[in-house]
Amino acid sequence: METIIAVERNYLGEIISFKTSNERIISYRKALLEAEEGLLDGVRLCEASYEDGQALIIEDTFAEYPLI
């Protein structure tokens, strides 16, 4: 099973993509889908409520991870 080893952030500091232990670069959305399917280890998901409904988000900030 793959794990997250690095992150890429935009100018606001938000995560936009991840690097996995298999050297893949995947988008935040792809990481969310793979974590939901149980394909990414060590990624915690939580539900967030918005005005237009609920959505899953990645709970961890990955602050200690290196940049891609």
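Below is a summary of the structure that appears in this document.

Cut-offs and rules
- Residues numbered from 1 in each chain as written.
- Predicted model: local features only at pLDDT ≥ 70, side-chain atom pairs only at ≥ 80, totals over all residues.
- Heavy atoms only, no water.
- Helix = DSSP H or I, 4+ residues; strand = E, 2+ residues; numbered from the N terminus.
- Contact = heavy atoms within 4.5 Å.
- Buried < 20%, exposed > 50% of the residue type's maximum accessible area, 1.4 Å probe, protein only.
- Salt bridge = Lys/Arg side-chain N within 4 Å of Asp/Glu carboxyl O.

Another aspect to go through is the side chain of S17. Tracing the backbone through its elements, the reader meets S17 in strand β2 (residues 15-20). Other than its neighbours up to four places away in sequence, S17 contacts V7, E8, I25, I26, S27, Y28 and I68.

For helix α1 (residues 28-36), the set of buried residues is A31, L32, E34 and A35. Along its buried surface, α1 packs onto β1 (2-9), β2, β3 (25-27), β4 (40-41), β5 (45-50) and β6 (53-58).

Moving on to the pattern of salt bridges. When the charged atoms of two side chains lie near each other, side chains of opposite charge can form a pair. Using the criterion set out here, one finds five salt bridges in the structure. Salt-bridge contacts for R24 lead to E2; the nearest nitrogen and oxygen are separated by 2.7 Å. One end of the pair, R24, is in the loop between β2 and β3; the other, E2, is in strand β1, with 22 residues separating them in the sequence. Residues R44 and E59 are paired through a salt bridge, measuring 4.0 Å at the closest nitrogen-oxygen approach. Of this pair, R44 sits in the loop between β4 and β5 while E59 sits in the segment after β6, and the two are 15 residues apart along the sequence. Classification of R44 by relative accessible area gives partly exposed; the value is 46%. What you see here is one network of salt bridges that share partners, running through E2, R24, K30 and E34.

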